[in-house]
Amino acid sequence: MIKDYILPLGTVVKLEKGNMLLMIVGRAQLFNNEGTIGYFDYSAIRYPQGMIGDQEFAFFNDEDIDEIFFEGYRNEQEIEFADAYEENIAKVEYPKLTLKD
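Below you will find a few notes about this structure. Predicted model, so just to flag it, every value in this text is computed and none were measured.

### Observations concerning the nonpolar core
Part 1: Formed by 15 residues in total, the largest nonpolar core has its most connected members in Val-13, Tyr-42, Phe-60 and Ile-65.
Part 2: Only strand 1 (12-15), strand 2 (21-27), strand 5 (42-47) and helix 1 (76-89) provide two or more residues apiece to this core.
Part 3: Ranked by the residues each element gives to this core, the list is headed by helix 1, at 3 residues.
Part 4: Setting aside anything within four residues of it in sequence, one finds Tyr-42 in contact with Ile-6, Leu-7, Ile-24, Gly-26, Arg-27, Ala-58, Phe-59, Phe-60, Asn-61, Asp-62 and Ile-65.

### Some remarks on the pairing of strand 4 (residues 36-39)
Part 1: Judged from the 4 bridges that link them, strand 3 (residues 30-33) and strand 4 form a sheet pairing that is antiparallel. Opposite Asn-32, over in strand 4, you have Ile-37 as the bridge partner.
Part 2: The antiparallel pairing of strand 3 with strand 4 creates a hairpin that spans 2 residues between the two strands, and Glu-34 there sits at a positive phi of about 50°.

### Notes on the sheet that holds strand 7 (residues 65-70)
Part 1: Taken in spatial order, the 5 strands make up an open sheet running 6-5-2-1-7, and their pairing is antiparallel. The sheet is open, and its two edges are formed by strand 6 (58-60) and strand 7, each paired on a single side. Within this sheet the neighbouring strands show an average axis-to-axis angle of 45°, counted without direction.
Part 2: Two elements, strand 5 and strand 6, share 3 bridges in a ladder whose sense is antiparallel. Its bridge partner being in strand 6, Ser-43 is matched across the sheet by Phe-59.

### Examining the side chain of Ser-43
Part 1: Looking at the secondary structure, you find Ser-43 in strand 5.
Part 2: The residues touching Ser-43, leaving out its near neighbours within four places in the chain, are Met-23, Ile-24, Val-25, Gly-26, Gln-29, Phe-57, Ala-58 and Phe-59.

What counts as what
Residues numbered from 1 in each chain as written. Predicted model: local features only at pLDDT ≥ 70, side-chain atom pairs only at ≥ 80, totals over all residues. Heavy atoms only, no water. Core = buried A, V, L, I, M, F, W, Y, C linked by side-chain atoms within 4.5 Å. Buried < 20%, exposed > 50% of the residue type's maximum accessible area, 1.4 Å probe, protein only. Helix = DSSP H or I, 4+ residues; strand = E, 2+ residues; numbered from the N terminus. Contact = heavy atoms within 4.5 Å. Pairing = 2+ DSSP bridges. Axes fitted to C-alpha atoms, helices over the stretch in contact; angles between N-to-C directions.

Below is the structure:
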């Protein structure tokens, strides 16, 4: 991981293969990849635009992040969530998906 924990909601990042900023709005959400249901570490929307019309979310994994520009709020609940994330995600029956080149 780019950090030693899952990044909190509201974190703004740039991906290695991209030039736009993205704000994380979800973690470990299920995604239908041409009939294969799996998950990515993060789902995000464009920053600073936010949701525009019927725009879809961007999905990516921790290893796809090039730079963190802002890290979202971390309170006690977030820290507990992040501390348990690896253990909880290991129990998920869906595969972790990866970005295509």
